[in-house]
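Coordinate analysis (summary)
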Amino acid sequence: MRVLRGTHDGAGLRVGVVVSRFNEAVTEALKSGALAALAEAGVADDDVTVVSVPGAFELPGVARALASSGRVDGIVCLGAVVRGDTEHFTFVAAAAQEGILRAQLDTGVPVTFGVLTTETMAQATERAGGQGGNKGYEAALDAVEMATLHRKLTPADT
């Protein structure tokens, strides 16, 4: 039996980090966590492309464009959607989730989901470097693992 698994060795990988500016205090913390994880994984600073977008709704389109560009081996999407008094939360969270999934499936480039969907800002802050860890850090490590796994799944040129 052959078992394939990606690694957290990001040397030589090119990674995109797409970050929402909405709820910026939270998303900046997620971005810091993601960049720390990429550095620890050995991804060179010059091989990281950070793209800023207005909100979580805009993440999928930019992720797909970046994936289609051939400039990256993996992408981390970061955002924070906090429930409010209207149904806006539901629509934005669902659109971000579905769009990020489609970007990955349509391009074949791994795209990880580091979008917090929380009831309160306190919960979001907790998951962006508090006792709940940093989901940006986790999403970046997942992107490295998936990019290295995809390399193992791609047939070698003969």
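Each remark here, short or long, concerns the structure printed above.
Residues numbered from 1 in each chain as written. Predicted model: local features only at pLDDT ≥ 70, side-chain atom pairs only at ≥ 80, totals over all residues. Heavy atoms only, no water.

A short note on the overall build of the protein
Assigned secondary structure in the protein consists of five helices and four strands. In terms of overall size, the protein behaves like a compact globule, its C-alpha atoms giving a radius of gyration of 15 Å where 158 residues would be expected to give roughly 15 Å. Viewed in the frame of its principal axes, the protein has a C-alpha envelope of about 60 × 35 × 30 Å. Taken over 158 residues, the protein has a buried fraction of 42%. When contacts within the protein are restricted to residue pairs at least 6 apart in sequence, long-range pairs at least 24 apart make up 80% of them. Taken as a whole, the protein presents about 8400 Å² of accessible surface, with 53% of it coming from carbon and sulfur. (Helix = DSSP H or I, 4+ residues; strand = E, 2+ residues; numbered from the N terminus. Rg over C-alpha atoms; globule rule 2.2 N^0.38 Å. Buried < 20%, exposed > 50% of the residue type's maximum accessible area, 1.4 Å probe, protein only. Contact = heavy atoms within 4.5 Å. Areas by Shrake-Rupley, 256 points an atom, 1.4 Å probe, with all protein chains shown as cover.)

Re the side chain of N134
Examined against the element boundaries, N134 turns out to sit in the loop between α4 (121–126) and α5 (135–153). Taking the relative accessible area as the measure of exposure, N134 reaches 15% and is therefore buried. In this view, N134 contacts A29, L30, G33, R127, A128 and G129; residues no more than four positions away in its chain are not counted.

Here we look at the sheet that holds strand β4 (residues 111–118)
Judged by pairing direction, the sheet is parallel, and its four strands sit side by side in the order β2-β1-β3-β4 without closing on themselves. Looking along the sheet, the strands with just one partner apiece sit at the ends: β2 (48–53) and β4. Shown here is a sheet whose adjacent strand axes are inclined to one another by a mean of 15°, direction ignored. As judged from the eight bridges shared by strand β3 (residues 74–82) and β4, these two strands associate in the parallel manner. Within the sheet, the bridge partner assigned to C77 lies in β4 and is F113. (Pairing = 2+ DSSP bridges. Axes fitted to C-alpha atoms, helices over the stretch in contact; angles between N-to-C directions.)

Description of helix α1 (residues 24–40)
The first and last C-alpha atoms of α1 sit 24 Å apart over 17 residues, in line with the 24 Å expected at 1.5 Å per residue. Buried residues belonging to α1 abut β1 (15–20), β2, β3, β4, α4 and α5. (Expected span 1.5 Å × (residues − 1).)

Remarks on the environment of E40
By the secondary structure assignment, E40 is in helix α1. Since its relative accessible area comes to 58%, E40 is described here as exposed. Placed 31 residues apart in sequence, E40 and D9 show a C-alpha to C-alpha distance of 8.8 Å. Side chain to side chain, E40 and Y137 meet in a polar contact 2.6 Å long. (Polar contact = N/O pair within 3.5 Å; in protein donor to acceptor, adjacent residues only side chain to side chain.)

Some words on the side chain of T118
Its location among the elements puts T118 in strand β4. At 3.0 Å, the side chain of T118 forms a polar contact with the backbone oxygen of T120. For T118, the residues in contact, after removing those within four places along its chain, are V81, V82, R83, F89, Q123, A124 and R127.

Considering the environment of A94
Following the sequence through the fold, A94 ends up in helix α3 (residues 88–107). Separated by 37 residues in sequence, A94 and F57 place their C-alpha atoms 9.0 Å apart.

Re the pairing of β4
Working note: regular strand, side chains alternate between the two faces of the sheet. Counting buried positions along β4 gives six out of eight residues, so the element sits mostly inside the fold. Taken together, β3, α3 and β4 form a β-α-β motif whose crossover is right-handed. (Right-handed = clockwise from strand over helix to strand, strands pointing away.)

A short note on unusual backbone geometry
Of note, the phi angle at N23 is positive, near 60°, even though the residue is not glycine. Assignment of secondary structure puts N23 in the loop between β1 and α1.

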